[in-house]
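If you want the building blocks of each chain, they are given just below.
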Amino acid sequence: MSQTLRQHAEQQFAEELEELKKADNRERPENWVLSPWAVAEYLMGGTLANGFQVSAKYIGNRRLMETAIATLATDRALLLFGVPGTAKSWVSEHLAAAVSGDSTLLIQGTAGTSEEQLRYGWNYAELLAKGPSKAALVPSPLMRAMEQGKTARVEELTRIPADVQDTLITILSEKSLPVPELGSETQAVRGFNVIATANNRDKGINELSSALKRRFNTVILPVPASEDEEVSIVSKRVAELGRALQLPGEPPALKEVRRVVQIFRELRNGQTEDGKTKLKTSSATLSTAEAISVINSGMALAGHFGDGVLRAGDIAASLVGAIVKDPVQDAVVWREYQETVMKERSDWKDLYRACREQN
Ligand SMILES: Nc1ncnc2c1ncn2[C@@H]1O[C@H](COP(=O)(O)OP(=O)(O)OP(=O)(O)O)[C@@H](O)[C@H]1O
Ligand SMILES: [Mg+2]
């Protein structure tokens, strides 16, 4: 097994991508590795004509993925938008891997992202020695994507200051990046496009200017519609992560996953699943991603310090950390949930007790 802690999507799923390429006889947009149909198969999973199983990456509405893929085949860029933990970054990585065979042309948007990071910088030793030249220019991932006709990814677009965001306008509308120092420009090769992600919840986000908004098609990724859907996402990802991290112990019982997902959904929605009890909501983002990490930490506890079977006590410890972000308010919310909901469920006694011990 390779020593890399986390492989890129195109490395981890190289075999699937290869099989899809062989089976794919549909038309491909220029410089795409796969046809739009095959990209959708890669994301949603399925069985190929030769019996090969492609695993599902995104669990949810197929039409959303088709819309996203179709957008990438046009001259408009794609914006994946939604609340935290709805797989925006995950989908963006897999789309880039399937469309361009490369998910690494990535810019992480922060409040400190500069225009240079979006455009290009200079190798100063080279610049001082020989003056501005093509050799001294250090292209950004975006510029390289333009040159190679690939997909560039911009993570957390709305964290980037508004004036820096506007650098993207020329690139997206003119498909060109001028380099005035050299009196030249880089013109995007066919196949180039941009996938940006943004979430609407975080502190410190900037508005997307309307000029920039018009260059994007927005696809909103929703929180999982039903409990069953969320349970299947969590089970699947936990199993994959457990394998990747080589955690000792058994994969978690479905019953434990279901309980964690139910707690998260109830606290998120402010009421119990049967709608009978109203609840206060926690200030923490209780997304699918957090449910995954609660189970994952529980598995690490069970594997390293228990008998390898995930039990209530292993979950309780990480549940508190996920739910109680504000020590005053959230502690009240969590206490109330334990006493009014958990305590009353006859098959939740073990979890109730384990959580009480954490208080
Ligand atoms: N519908 C889904 N299908 C498959 N995996 C999902 C789904 N929803 C969430 N996940 C999983 O949740 C985890 C977190 O997703 P990701 O980091 O992409 O979220 P995000 O939307 O980018 O969040 P943020 O806004 O915090 O950046 C991933 O491991 C992903 O596999
Ligand atoms: Mg993200």
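Residues numbered from 1 in each chain as written. Chains lettered and ligands numbered in written order. Predicted model: local features only at pLDDT ≥ 70, side-chain atom pairs only at ≥ 80, totals over all residues.

(A) The overall build of the chain, seen in detail. Within the chain one finds 17 helices and 11 strands. Across its three principal directions, the C-alpha atoms of the chain cover 75 × 50 × 40 Å. Counting across all 359 residues of the chain, residues that qualify as buried make up 39%. Within the chain, contacts between residues at least 6 apart in sequence are counted, and of these 69% link residues at least 24 apart. (Helix = DSSP H or I, 4+ residues; strand = E, 2+ residues; numbered from the N terminus. Buried ≥ 20, exposed ≤ 12 C-beta atoms within 10 Å, placed from the backbone. Contact = placed C-beta atoms within 7 Å.)

(B) Region of interest: the site of ligand 1. The immediate surroundings of ligand 1 are formed by 18 residues, with P84, K88, S89, W90 and A289 found nearest. Of all elements in the fold, only α5 (88-100), β10 (193-199), α12 (227-244) and α14 (288-305) reach the threshold of two or more residues within the shell around ligand 1. Tallied by class, the residues present in the shell around ligand 1 amount to nine nonpolar, seven polar and two charged. Two domains each donate at least three residues to the shell around ligand 1, and these are domain 1 (62-220) and domain 2 (227-358). (Near = placed C-beta within 6 Å. Nonpolar A, V, L, I, M, F, W, Y, C, P; charged D, E, K, R; others polar. Domains from an automatic or database assignment.)

(C) Summary view of the domain arrangement of the chain. Split into domains, the chain comes out as domain 1 (62-220) and domain 2 (227-358). Placing the centre of domain 1 and that of domain 2 at their C-alpha centroids yields a distance of 36 Å. If you look at the interface, domain 1 gives five residues, while domain 2 gives five residues. For the side of domain 1 that touches domain 2, the per-class residue count stands at two nonpolar, two polar and one charged.

(D) Structural context of the environment of V194. Following the sequence through the fold, V194 ends up in strand β10. When the 25 C-beta atoms within 10 Å are taken as the criterion, V194 is described as buried. In this structure the C-alpha to C-alpha distance between V194 and A87, which are 107 residues apart in sequence, comes to 17 Å. Not counting residues within four places of it along the chain, the set of residues in contact with V194 comprises A77, A152, V154 and L172.

(E) Representation of the environment of A239. Mapped onto the elements, A239 comes out in helix α12. A tally of 14 C-beta atoms within 10 Å means that A239 is categorised as partly exposed. Separated by 80 residues in the primary sequence, A239 and R159 have C-alpha atoms spaced 32 Å apart.

(F) Inspection of the sheet that holds strand β3 (residues 77-82) at higher detail. If you trace the five strands from one edge of the open sheet to the other, you get β4-β7-β10-β3-β11, paired in parallel fashion. Since the sheet does not close on itself, it has two edges, and those belong to β4 (106-108) and β11 (216-220), each with one partner. Taking each pair of neighbouring strands and ignoring which way they run, the sheet shows an average axis angle of 20°. Bridge count between β3 and β11: five bridges; the pairing is parallel. Bridge pairing in β11 links L78 to N217. On top of the sheet, helix α8 (residues 141-148) reaches β4 and β7 (151-155); it is set at about 160° to β7, its chief contact. (Pairing = 2+ DSSP bridges. Axes fitted to C-alpha atoms, helices over the stretch in contact; angles between N-to-C directions.)

(G) Structural detail: the packing of α14 against helix α15 (residues 312-323). Orientation of α14 relative to α15, taken along the N-to-C sense of each, is 140°, at an axis distance of 8 Å. Remark: the crossing between α14 and α15 carries right-handed chirality. Residues E290, V294, S297, G298, L301 and A302 of α14 form the contact with α15, whose own contacting residues are D314, I315, A317, S318, L319 and A322. Taken together, the residues of the contact of α14 with α15 break down into seven nonpolar, three polar and two charged. (Left-handed = near helix turned anticlockwise from the far one by under 90°.)

(H) Summary view of the nonpolar core. Formed by 57 residues in total, the largest nonpolar core has its most connected members in V39, Y42, L78, A98 and A196. In terms of residues, this core owes the most to one element, α5, which gives six residues. V261, L286, Y337 and C355 belong to the second largest nonpolar core, which has 30 residues in total. (Core = buried A, V, L, I, M, F, W, Y, C linked by C-beta atoms within 7 Å.)

(I) Structural context of the pairing of β10. Most of β10 sits inside the fold, with seven of its seven residues counted as buried. Both faces of β10 are covered, namely the face carrying N193, I195, T197 and N199 and the face carrying V194, A196 and A198.

(J) Quick look at α14. Helix length check: α14, at 18 residues, gives a terminal C-alpha distance of 26 Å against a target of 26 Å (1.5 Å per residue), a fit within 8%. When we look at burial in α14, the residues that qualify are T288, E290, A291, I292, V294, I295, G298, M299, A302 and G303. Among the structural elements, α12, α13 (254-269) and α15 are those in contact with the buried residues of α14. (Expected span 1.5 Å × (residues − 1).)

(K) Expanded view of the packing of helix α2 (residues 14-23) against helix α3 (residues 36-44). The N-to-C vectors of α2 and α3 enclose an angle of 145°; their axes lie 10 Å apart at closest approach. Of the two possible hands of crossing, α2 and α3 adopt the one that is right-handed. Between α2, through E16, L17 and L20, and α3, the contact on the second element is made entirely by A38, E41 and Y42. A per-class count over the contact of α2 with α3 returns four nonpolar, no polar and two charged.

(L) Here's a closer look at unusual backbone geometry. Even without being glycine, N31 reaches a positive phi, approximately 70°. Inspection of the secondary structure puts N31 in the loop between α2 and α3.

(M) View of the environment of A40. Among the secondary structure elements, A40 is positioned in helix α3. The class for A40 is buried, based on 20 C-beta atoms found within 10 Å. As a C-alpha pair, A40 and K349 span 309 residues in sequence and 44 Å in three-dimensional space. With near-sequence residues (within four places) excluded, A40 lies in contact with M65, E66 and I69.

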